[in-house]
Amino acid sequence: MEDRRDKELIKRVFASSLSELKEDPYLAQRVIHMGTEENESHVKASRTLNEENNRRPIYMKKKMKSTFALAVAICLMVSIAFAATLVYSQRYMQANRADELLQEKYGITEDKRSFFTRTSEGDIFTYVGLSDFAGMLGDYQVNVDTGEVLWMYDGPEGSGWDAVKLKEVLMRCQDQGGYKNVTADARAAAEAIELAASDTSNLPLQTPPPVTLEESEESTKQAEALAKLTMEEAEQLGRSAIQEKYGLTTTQMQKLELVEESSYFTMEGEMPTAQPYFWLMQEEGAFTEKDGIYIVVVNALDGTVEDIFYDTGLLGNG
Amino acid sequence: MKGGEQQMDVVKDPDNHSRMTDMVNQYQGMLLHMCYFYLHEEDLARDAVQDTFLKAYRSLDSFRGECSEKTWLTQIAINTCKSIRRSAWMRYFDRRVTPEEMPESFVMPESEESDIMYDIMELPSKLKEVLLLYYWQDMSVSEISQILGIAQSSVSRRLKQARDKLHAVLDRRYQYGRSQR
């Protein structure tokens with residue numbers, strides 16, 4: 001009886017709430033067209049290649065097989081000590097150094113780093129401003145080898161921008177309290193400053209590299225096949241690493257939730273990684289220090305902590 | 001026959017065209033709502049639905065009818081949504097929807113329905129998905145277990161948790177249990 005009542009209630013709620021989400025009348029036509037078009041080009045291409053080379057096409061499976069064998073051999077040689085102590089990779093140490101250098105020169109502290117995504121290539125770490133704010137925040141580049149830190153708006157002429165202004169914006173975003181207010185205020189501040197600095201507002205916005213679903217799925221499958229760690233083990237390592245780096249209290253650690261659907265295995269270059277994704281919200285609806293998203297990149301072969309990303313969620317993520 | 005040519009036959013077959021058209025007409029709405037609940041963005045949900053049908057179309061011949069078309073498509077759609085959520089871009093964003101962030105087309109006048117909807121949206125994903133499949137899509141525990149690739153006992157456990165959480169919220173808001181029980 002109760003089950004039926006719940007069903008009726010949920011159906012009524014959904015019907016009323018989603019009535020505006022309309023179907024696309026051309027979807028079937030488009031799917032058939034896309035399916036046919038894709039296959040024609042795919043089959044033609046594979047036939048041409050096979051005929052031209054007069055040999056069997058090379059399948060990914062072969063590569064997988066050899067990579068897998070190599071990984072097994074490596075794993076047999078390496079003794080896994082991840083359960084006892086945390087081991088950090090060189091990349092992790094370099095990333096920490098890059099964060100320090102950025103903070104020293106431009107005052108971009110840990111919480112404000114969530115306004116950026118960080119990528120690295122060798123000794124160079126690049127911090128790119130997120131989403132709509134990319135043009136305003138600009139890119140920073142840190143060379144951990146030489147200790148050089150550059151901002152794209154630096155230069156002899158300057159652009160009317162400086163670290164002080166940037167700090168003002170970020171501080172203002174930070175000080176408002178409450179996710180919704182912060183986000184609204186951050187947007188307002190960004191718009192105002194973008195207007196004031198119209199000479200730099202036409203800079204192209206950063207967009208994330210396109211990742212196709214197939215690539216993402218393939219990368220996950222490959223990493224899962226090679227991994228010597230389970231996600232539960234990676235989660236434990238991730239928790240320890242977060243506690244050590246960010247100094248979370250026991251209560252905060254208890255509230256740190258693993259978001260399973262966003263935690264996954266993926267290949268980073270040749271390395272299979274497990275990337276547990278954590279979420280901390282200490283008080284519903286309000287930002288408390290240390291709240292946000294934590295993503296730990298763990299080498300899935302030997303449990304080395306490769307990187308940790310922290311995002312307060314204040315830039316529209318919360 | 002090579003894989004590519006086999007797929008070519010599938011998409012060239014006029015019977016499959018009409019079968020696909022029927023499937024889209026029958027399940028598009030249901031899948032669109034489902035994907036919206038996973039992705040919380042109308043455009044992303046529409047992309048996921050298109051991708052779901054495209055994957056289904058390419059593998060129509062491998063569908064052996066061991067489960068219903070609805071179960072099969074739902075399974076593809078959920079996996080597609082999970083892949084999108086795992087993509088490099090999405091991982092930086094928490095897609096929990098608050099009432100203020102609902103797309104304009106979904107903004108409803110203050111009503112009991114809208115409040116309940118928001119409460120459901122705020123449930124943890126694992127609980128929300130079983131709740132949606134069971135109550136809204138009328139799927140059985142065994143079908144849900146097949147779709148999510150988890151044991152039936154886990155589905156039952158999650159359903160119970162979801163129900164308890166929902167009732168707790170409803171009781172608090174409307175004294176749901178007391179007035180209707």
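Remarks on the environment of aspartate 6 of chain A
For step 1, the next point in the chain: Positionally, aspartate 6 of chain A belongs in helix α1 (residues 2-17).
For step 2, the next point in the chain: There is a polar contact of 2.9 Å between the side chain of aspartate 6 of chain A and the side chain of histidine 167 of chain B.

Comments concerning the confidence of the model for chain A
Residue and element names in this part refer to chain A.
For step 1, the next point in the chain: Chain-level statistics for chain A give a pLDDT mean of 70 and a share of 59% at 70 or above.
For step 2, the next point in the chain: Here residues 45-66 scores under 50 on pLDDT; set against residues more than four positions off or in separate chains, the count is eight contacts.
For step 3, the next point in the chain: Every residue in residues 156-161 is under pLDDT 50, and counting partners more than four places away or in other chains gives eleven contacts.

Digging into the packing of helix α2 (residues 14-39) of chain B against helix α6 (residues 125-136) of chain B
Residue and element names in this part refer to chain B.
For step 1, the next point in the chain: Viewed as axis vectors pointing N to C, α2 and α6 meet at an angle of 160 degrees, and their least axial separation amounts to 11 Å. Looking at the two axes, α2 sits roughly antiparallel to α6. As α2 packs across α6, the resulting crossing turns out to be right-handed. Contacts between α2 and α6 involve His33, Met34, Phe37 and Tyr38 from the former and Lys128, Glu129, Leu132, Leu133 and Trp136 from the latter.

A word on the sheet that holds strand β4 (residues 148-151) of chain A
Residue and element names in this part refer to chain A.
For step 1, the next point in the chain: Pairing within the open sheet is antiparallel, and its four strands lie in the order β1-β2-β3-β4. Looking at which strands have only one partner, the edges of the open sheet turn out to be β1 (116-121) and β4. Shown here is a sheet whose adjacent strand axes are inclined to one another by a mean of 15 degrees, direction ignored.
For step 2, the next point in the chain: Here β1 pairs with strand β2 (residues 124-129) via six bridges, running antiparallel. Residue pairing across strands places threonine 119 opposite threonine 126, the latter belonging to β2.
For step 3, the next point in the chain: This element, helix α4 (residues 90-106), spans β1, β2, β3 (139-143) and β4 of the sheet and lies at about 60 degrees to β2.

Rules of the game
- Residues numbered from 1 in each chain as written.
- Chains lettered and ligands numbered in written order.
- Predicted model: local features only at pLDDT ≥ 70, side-chain atom pairs only at ≥ 80, totals over all residues.
- Heavy atoms only, no water.
- Helix = DSSP H or I, 4+ residues; strand = E, 2+ residues; numbered from the N terminus.
- Polar contact = N/O pair within 3.5 Å; in protein donor to acceptor, adjacent residues only side chain to side chain.
- pLDDT = per-residue confidence, 0-100.
- Contact = heavy atoms within 4.5 Å.
- Axes fitted to C-alpha atoms, helices over the stretch in contact; angles between N-to-C directions.
- Parallel < 35°, antiparallel > 145°, perpendicular 65-115°, else oblique.
- Left-handed = near helix turned anticlockwise from the far one by under 90°.
- Pairing = 2+ DSSP bridges.

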